[in-house]
Amino acid sequence: MAVKPSVLFVLFEGLADTVIDAQVLNHARDLARAGLADFEIWAVCWNEDLYERSLARQQLAAERTGGEVAVLRGVRPASPSSVSKNSAALLAYANQRGRKFTHVHARADYSVLPCAALAESMNATLIWDCRGDAVAEIDYRTDIAGFRSLLKPALRFFTKQRFTRAAKACDKALFVSSPLHELAQPYLGSKPYYIVPSCASESDFFFSSQLRDATREKLGYQPNETLYVYSGGVQAYQRFEDMVAAFAGLARSQENARLLIATPQVEAARKIAQAVLPEGIWEALSVPISGVNALLNAADAGFLLRQDTPTNNVASPTKFAEYCLAGLPVILTNSVKDSFAIAKRNGNLVAFDEAGLAVGTLPVIDRLKMAQDYRSVLGKAAHLDTYRQIYDTTY
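A. Summary view of the sheet that holds strand E3 (residues 68–73). An order of E3-E2-E1-E4-E5-E6-E7 is seen for the seven strands of this open sheet, with the pairing classed as parallel. Across the chains shown, the open sheet's two edge strands, defined by having one partner strand only, are E3 and strand E7 (193–195). Adjacent strand axes in the sheet meet at a mean angle of 20° when their direction is disregarded. In this sheet, strand E6 (residues 172–175) lies alongside strand E5 (residues 125–130) in parallel orientation, the contact comprising four bridges. From the neighbouring strand, Trp128 faces E6, where its bridge partner is Ala173. Against the sheet, helix H3 (residues 82–97) engages strand E1 (6–11), strand E2 (38–45) and E3, with an angle of about 135° to E2.

Structural data, given as structure tokens:
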């Protein structure tokens, strides 16, 4: 009888970012519920602020996953000897914890390196969970502007080294898109790899006409109003200002157009929006992840704009999966290659004109059918067989 996999999920981003809810906590919860594996999560924090904010969310994270969640203190990944220091911290906690795992799931390139000795000490399979092109992402860094931008070539060099070292150190690799795998293939060799797009939980994201009607009534939207939703932050890479400008154009030609902004950065979003949009046609709310689906159900289309850059070309936004499982038409640029192809193929793509920041006509779709069709594409359960291979204990 095969041994049930026990997976240690290690990340160096703490627990404070909402993306961790979707990509880490929900992943562990859903796969554990499916009986596929047991999970434990170790979130390593490399500064005091991240450590304190993660500690504040530790209990909620454990309740969400139904498993153990540890918050550990580490050192900044970019600092000298960080790999050896963080590796030692992981090994020390493993000795204290006194539990072995069949797999160590290392989120992102850097995590693989300090996890290598840990996985070896447990005779565990080391999985590289590659989330994006870290080298290209350097161009989005706002902390290396001005004279510090002179450091970018060196930073790109060391980040590329980290990427290749992760490929060589892992036993298996997991990619969120085909273009991302193509970047890594020259360094991965013949090791097993899997491509699983960023998915969403079918229990968290779905379409319900009753939920739609109830949410629109609660928020005060009329049946004849077309509601556009933006779900995310206000960081530059999410093109929040372009989204606001695009909606402003819509509002000038569509009297009943409305915008709902769901963001954890409400005040920053309001400041940007009120400088462009008249009052009464938009609002900004902050809701927990458990409340996002209701807002998506209430909406008629969702914004997901990205620039055509190497970073976005290999990306797989979790937000896309959330929109699609709610049966939403998605206003999407061709910069996110895999997502654009999926939306075009499935019929919920809304054209976007970059030159004029103009939104095309919304497709007429059956929301319930669209949502159900996407369960087999971007629902977590649709990829359970792939995860069984990833966490196979016979490897």
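B. Just the packing of helix H9 (residues 240–253) against helix H10 (residues 266–274), in detail. Packing of H9 against H10 leaves a shortest axis separation of 10 Å and a crossing angle of 40°. Accordingly, the angle class assigned to the pair H9 and H10 is oblique. Handedness of the crossing formed by H9 with H10: right-handed. Across the interface between the two elements, Phe240, Glu241 and Val244 from H9 touch Ala269, Ile272 and Ala273 from H10.

C. Fine view of the nonpolar core. Within the largest apolar cluster, 34 residues are counted, with the highest numbers of intra-cluster contacts made by Val10, Trp42, Leu90, Val104, Trp128 and Phe175. The leading source of residues in this core is helix H4 (residues 109–122), at six residues. Residues Ala200, Phe340, Ile342 and Tyr374 belong to the second largest nonpolar core, which totals 30 residues.

D. Highlighting the pattern of salt bridges. Within the structure shown, the criterion is met by 20 salt bridges. As a salt-bridge pair, Glu40 and Arg99 come within 3.1 Å of each other at their nearest N and O atoms. Taken together, the positions of Glu40 in strand E2 and Arg99 in the loop between H3 and strand E4 (103–107) put the pair 59 residues apart, joining distant regions of the chain. Connected through shared salt-bridge partners, Arg29, Asp30, Arg64 and Asp204 make up one network.

E. Just the sheet that holds strand E11 (residues 301–304), in detail. On the basis of which strands lie adjacent, the open sheet formed by six strands has the order E10-E9-E8-E11-E12-E13 and parallel pairing. With one partner strand each, in any of the chains shown, strand E10 (282–285) and strand E13 (349–350) form the two edges of the open sheet.

F. Seen up close, the side chain of Glu225. Within the fold, Glu225 resides in the loop between helix H8 (209–219) and strand E8 (226–231). Among residues more than four places away in sequence, those in contact with Glu225 are Arg216, Gly220, Asn256, Arg258 and Asp300.

G. Here's a closer look at empty space enclosed by the protein. Under the counting rule described, the total for this entry stands at two cavities of 30 Å³ or more. Space inside the largest cavity adds up to approximately 150 Å³. What lines the largest cavity is a set of 15 residues, and nearest its centre among them are Gln23, His27, Arg131, Lys380 and Tyr387. The element that contributes the greatest number of residues to the lining of the largest cavity is helix H1 (residues 18–33), accounting for three residues. In terms of residue class, the lining of the largest cavity is built from eight nonpolar, four polar and three charged. A volume near 40 Å³ is recorded for the second largest cavity.

H. Seen up close, the pairing of E11. Here E11 shows a buried face lined by Ala301 and Phe303 and a second buried face lined by Gly302 and Leu304. In terms of strand pairing, E8 meets E11 through three bridges, oriented parallel. By the bridge assignment, Val229 is partnered in E11 with Gly302. The pairing of E11 with strand E12 (residues 330–332) spans three bridges and is parallel. Across the sheet, Gly302 pairs through a bridge with Val330, a residue of E12.

I. Representation of the environment of Asp129 in the model. On the secondary structure map, Asp129 appears in strand E5. For Asp129, a relative accessible area of 2% puts it in the buried group. With 45 residues separating them in the primary sequence, Asp129 and Leu174 have C-alpha atoms 4.8 Å apart. The residues touching Asp129, leaving out its near neighbours within four places in the chain, are Phe9, His105, Ala106, Arg107, Ala108 and Leu174. Of note is the side chain of Asp129, whose polar atom sits 3.1 Å from the side chain of Arg131.

J. Main features of the packing of helix H6 (residues 152–169) against helix H7 (residues 178–188). Running from N to C, H6 and H7 point in directions that differ by 65°, and their axes come no closer than 8 Å. In the crossing of H6 with H7, the sense of the turn from one axis to the other is right-handed. Between H6 and H7, the contacting residues are Lys160, Phe163, Thr164, Ala167 and Lys168 on the first element and Leu183, Ala184, Tyr187 and Leu188 on the second. Of the residues belonging to the contact of H6 with H7, the class tally is six nonpolar, one polar and two charged.

K. Expanded view of the packing of aromatic side chains. Under the criterion given, the structure shown has 13 aromatic pairs. Between Trp42 and Tyr93, the ring centres sit 4.8 Å apart and the planes meet at 85°, which makes this aromatic pair edge-to-face. Here the residue Trp42 occupies a position in strand E2, and Tyr93 occupies one in helix H3, the gap between them amounting to 51 residues. Per residue, the accessibility class of Trp42 equals that of Tyr93, and both read buried. Centre to centre, the rings of Trp42 and Phe101 are 6.3 Å apart; their planes meet at 90°, and the pair counts as edge-to-face. One end of the pair, Trp42, is in strand E2; the other, Phe101, is in the loop between H3 and E4, and 59 residues separate them in sequence.

Thresholds, definitions, all that
- Along each chain, numbering runs from 1 in the same order as the chain's sequence is written.
- In keeping with the model being predicted, local features are shown solely for residues with a pLDDT of at least 70 and side-chain atom pairs are shown and tallied solely at 80 or more, while totals for entire chains, interfaces and linings include all residues.
- Hydrogens and water molecules were not included; the side-chain quantities draw on all heavy atoms of the structure.
- Paired strands, in this sense, are two strands between which DSSP finds at least two bridges.
- Each helix is a run of H or I in the DSSP string that is no shorter than four residues. Each strand is a run of E no shorter than two, and both are numbered from the N terminus.
- Only C-alpha atoms enter the line fits that serve as axes; for helices the fit covers just the stretch in contact. Angles between N-to-C directions range over 0 to 180 degrees.
- Note on contacts: a residue pair is in contact if any heavy atoms of the two residues lie within 4.5 Å.
- Our angle categories are set so that under 35 degrees counts as roughly parallel, over 145 as roughly antiparallel, 65 to 115 as roughly perpendicular, and the remainder as oblique.
- Two helices crossing with the near one rotated counterclockwise from the far one by less than a right angle form a left-handed crossing, whereas a clockwise rotation gives a right-handed crossing.
- Residues belong to a common nonpolar core when they are buried Ala, Val, Leu, Ile, Met, Phe, Trp, Tyr or Cys residues joined through side-chain atoms within 4.5 Å.
- Each residue gets one of three labels from its accessible area relative to the maximum for its type: buried under 20%, exposed over 50%, partly exposed in between, using a 1.4 Å probe on protein chains only.
- Throughout this description, the term salt bridge denotes a Lys or Arg side-chain nitrogen within 4 Å of a carboxyl oxygen of Asp or Glu.
- Both cavities and pockets are sets of points on a 1 Å grid over the protein atoms alone; in a cavity a 1.4 Å probe fits but cannot get out, in a pocket the set is open with protein on both sides within 12 Å along at least five of seven lines, and lining residues sit with an atom within 4 Å of a point.
- Grid points are joined across faces, edges and corners, and a volume is the space filled by probe spheres set on the points.
- In this classification, the charged set is Asp, Glu, Lys and Arg, the nonpolar set is Ala, Val, Leu, Ile, Met, Phe, Trp, Tyr, Cys and Pro, and all remaining amino acids, among them Gly, are polar.
- Contacts described as polar in this section are N or O atom pairs within 3.5 Å, which, within protein, must combine one atom able to donate a hydrogen with one able to accept it, while residues neighboring in sequence count only if both atoms come from side chains.
- Any two rings among Phe, Tyr and Trp, with Trp reduced to its six-membered ring, count as a pair given centres within 6.5 Å; such a pair is stacked if its planes are under 30 degrees apart, edge-to-face if over 60, and tilted if neither.

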